[in-house]
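Residue-level structure breakdown
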Amino acid sequence: IKDGELQKDNADAIWQIQDLQNQMVVAGEALYIALAGLELNDRTMDRSLDALDRGIQEAQLRYDLGQISSLTLQQTKASRTSLVSSQQTLRMSLENYKTQLKLMVGADLASDLTLGALPEVTDEQLATMDLEADLAAAKEASYSLYDAKLTLDDARETYNDAGGDGYHNKDKYEYQVALHQWQSAQYTYNATIQNFETGFRTLYAQVKDCKQVLDAARTALAVEQDNYAVDQMKYEQGSISRNELLTAQDDLSTAQDSVDTAAINLFSAYNTYRWAVEYGILNG
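Summarised in this report is the structure supplied together with it.

Check the secondary structure of the protein and you find 7 helices and 0 strands. Counting from the amino terminus, the protein carries its helices and strands in the arrangement α-α-α-α-α-α-α. Compactness check: the protein gives a C-alpha radius of gyration of 29 Å against a globular reference of 19 Å for 284 residues, more than 25% above the reference. Along the three orthogonal principal directions, the C-alpha set of the protein runs to about 100 × 40 × 40 Å.

Below is the structure:
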């Protein structure tokens, strides 16, 4: 107690437990974000099915008029069957993920689970990102790096107990074992540090890339909004059909989906980045 070893061991145990708790929260958040993406995909598939239904109606009419073959009509209908199957698979994944999330938060498995909107990552938040300063903070906060250092210190202590660098009989078996364990521990520790730093730098770059993808998607959406406004006017003037207007609407919805997907990806990457900076957790 006087040396502080007991207090240190207790603090280490508390840190380890807190790290495990944080790991569980990270996993829950990742599951929630994945669910948000799946629900977006489900809505996209609904619109695709509506578009296919319009295409099938048109193909049926053209077939009745003798403009397309029976094979072409069947191929169009088969596309819908394939899409319906894909959507059913997606919805099963949705239900499985929701069940997992309910288990994690202790909710009634028979209850409904409705997701709220994910927070928006602001330009101000992104502007505060500082690679080197954040990396230093992440390494300081990481229990996994601290634990790796403890393992290294234990190997060094074992090596010193076997005689260390000044041991005269270096051919002795016990010394050779301790030396190899010490060298292995150094390699492992250095690799752990390197992997952590590489992973963090990759994550930093991922956040930046997600932001530029979102900006590009928003620009594309603005173009589609203008195109749709023009097509609405054309439809009101009778120069295009309702199906053409609905197709333009689908294009607009697809552009909006791209923005929503990019926003989810940005939030996911930034949220993982903040966990790394604040708690040293890099496997979100």
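Once that is clear, we can look at the packing of helix α1 (residues 5-64) against helix α5 (residues 143-161). The relative placement of two packed helices is expressed as an angle between their axes plus a distance between the axes. At a minimum axis separation of 10 Å, α1 and α5 run at an interaxial angle of 140°. Judged by the inter-axis angle, α1 sits oblique to α5. The two elements α1 and α5 cross, and the hand of that crossing is left-handed. Of the residues in α5, those in contact with K8, D12, W15, Q16 and D19 of α1 are Y143, Y146 and L150. Residue composition of the contact of α1 with α5, by class: 4 nonpolar, 1 polar and 3 charged.

Summarising the element assignment, K102 is placed in helix α2 (residues 70-105). Of the side chains bearing the opposite charge, E95 lies closest to the buried K102, which forms no salt bridge; the N-O distance is 5.6 Å. Excluding residues within four positions of it along the chain, K102 makes contact with A107, D108, L109, S111 and L113.

Moving on to the packing of aromatic side chains. Applying the stated criterion across every chain, the model contains 7 aromatic pairs. On the basis of an interplanar angle of 75° and a centroid distance of 5.5 Å, the ring pair of W15 and Y143 is categorised as edge-to-face. Placement of the pair is W15 in helix α1 and Y143 in helix α5, with a sequence separation of 128 residues. Residue classification places W15 among the partly exposed positions, given a relative accessible area of 25%. Under the relative-accessibility criterion, Y143 is labelled buried at 9%. An aromatic cluster is built from W15, Y143 and Y146, whose rings are joined through pairwise contacts.

This paragraph deals with the pattern of salt bridges. Taken as a whole, this structure holds 13 salt bridges when the rule is applied. When the shortest N-O distance is used, the salt bridge between D215 and K211 registers 2.8 Å. Here the residue D215 and the residue K211 both occupy positions in helix α6 (residues 173-237), the gap between them amounting to 4 residues, near one helical turn. The network of salt bridges with common partners includes D42, D46 and R91.

Right, let's talk about α2 for a bit. Every α-helix carries 3.6 residues per turn, so stepping three or four residues along brings you back to the same face. Spanning 36 residues, α2 covers 53 Å between terminal C-alpha atoms, matching the ideal 52 Å at 1.5 Å per step. Taken together, the buried positions of α2 are occupied by L73, L83, Q87, L90, L94, K98, L101 and K102. Contact partners of the buried residues in α2: α1. Looking at the residues trailing α2, positive phi occurs at G106, about 75°.

Ranked by size, the top nonpolar core spans 56 residues in total, and within it L126, M129, F200, V207, L266 and Y273 carry the most contacts. Mapped by element, the contributors of at least two residues to this core are α1, α2, α4 (131-141), α5, α6 and α7 (242-279). Looking at this core, the element that brings in the most residues is α6, giving 17 residues. Once residues lying within four places of it in the same chain are set aside, the contact partners of L126 are V121, V207, K208, K211, L266 and Y270.

An ideal rise of 1.5 Å per residue puts 27 Å on 19 residues; α5 measures up with 27 Å between its terminal C-alpha atoms. Within α5, the full set of buried residues consists of Y143, L145, A148, L152, A155 and Y159. Of the residues one or two after α5, G163 is the one with positive phi, at around 125°.

Mapped onto the elements of the fold, Q249 is located in helix α7. As for Q249 and A138, which are separated by 111 residues in sequence, their C-alpha atoms are 45 Å apart.

A few words on the environment of R47. Its location among the elements puts R47 in helix α1. When the C-alpha atoms of R47 and D250 are compared, they prove to be 7.2 Å apart, with 203 residues separating the residues in sequence. Residues contacting R47, with those up to four places away along its chain left out, are S253, T254 and D257.

Where α6 meets α7, the axes come as close as 8 Å, and the angle between the chain directions of the two elements is 160°. Classified by the angle between their axes, α6 and α7 sit roughly antiparallel to one another. The way α6 lies across α7 gives a crossing that is left-handed. Broken down by class, the residue content of the contact of α6 with α7 amounts to 24 nonpolar, 8 polar and 6 charged.

So, how was this worked out
Each chain carries its own residue numbering, running from 1 in the direction its sequence is written. With pLDDT at 70 or above as the cut-off, local features in this predicted model cover only qualifying residues; side-chain atom pairs require 80 or more to be listed or tallied, and sums for whole chains, interfaces and linings still use all residues. In computing side-chain values, all of the structure's heavy atoms are included and hydrogens and water are not. Numbered from the N terminus, helices here are DSSP runs of H or I no shorter than four residues, and strands are runs of E no shorter than two. Restricting the calculation to C-alpha atoms gives the radius of gyration, and the globule rule supplies 2.2 Å times the number of residues raised to the power 0.38. Angular values range over 0 to 180 degrees, each being the angle between N-to-C directions of two axes fitted as lines to C-alpha atoms, with helices fitted over their stretch in contact. Working rule for angles: under 35 degrees goes down as roughly parallel, over 145 as roughly antiparallel, 65 to 115 as roughly perpendicular, anything else as oblique. Note: crossing handedness is left-handed where the near helix turns anticlockwise from the far helix by less than a right angle, and right-handed where it turns clockwise. Residues count as neighbours in contact if any of their non-hydrogen atoms are within 4.5 Å of one another. For this scheme, ten residues count as nonpolar: Ala, Val, Leu, Ile, Met, Phe, Trp, Tyr, Cys and Pro. Four count as charged, namely Asp, Glu, Lys and Arg, and the remainder, Gly too, count as polar. Each residue is placed in one exposure class: buried if its accessible area under a 1.4 Å probe, protein chains only, is under 20% of its type's maximum, exposed if it is over 50%, and partly exposed if it falls in between. The charged-residue count follows a simple rule in which Lys and Arg add positive charge and Asp and Glu add negative charge, with His and chain termini not counted at all. Salt-bridge detection follows one rule: a side-chain nitrogen of Lys or Arg within 4 Å of a carboxyl oxygen of Asp or Glu. Stacked, edge-to-face and tilted labels apply to pairs of Phe, Tyr and Trp rings (six-membered ring for Trp) whose centres lie within 6.5 Å, assigned for plane angles under 30 degrees, over 60, and everything in between, in that order. By this rule the span expected of a helix is its residue count minus one, scaled by 1.5 Å. Only buried residues count toward a nonpolar core, which is a set of Ala, Val, Leu, Ile, Met, Phe, Trp, Tyr and Cys residues joined through side-chain atoms within 4.5 Å.

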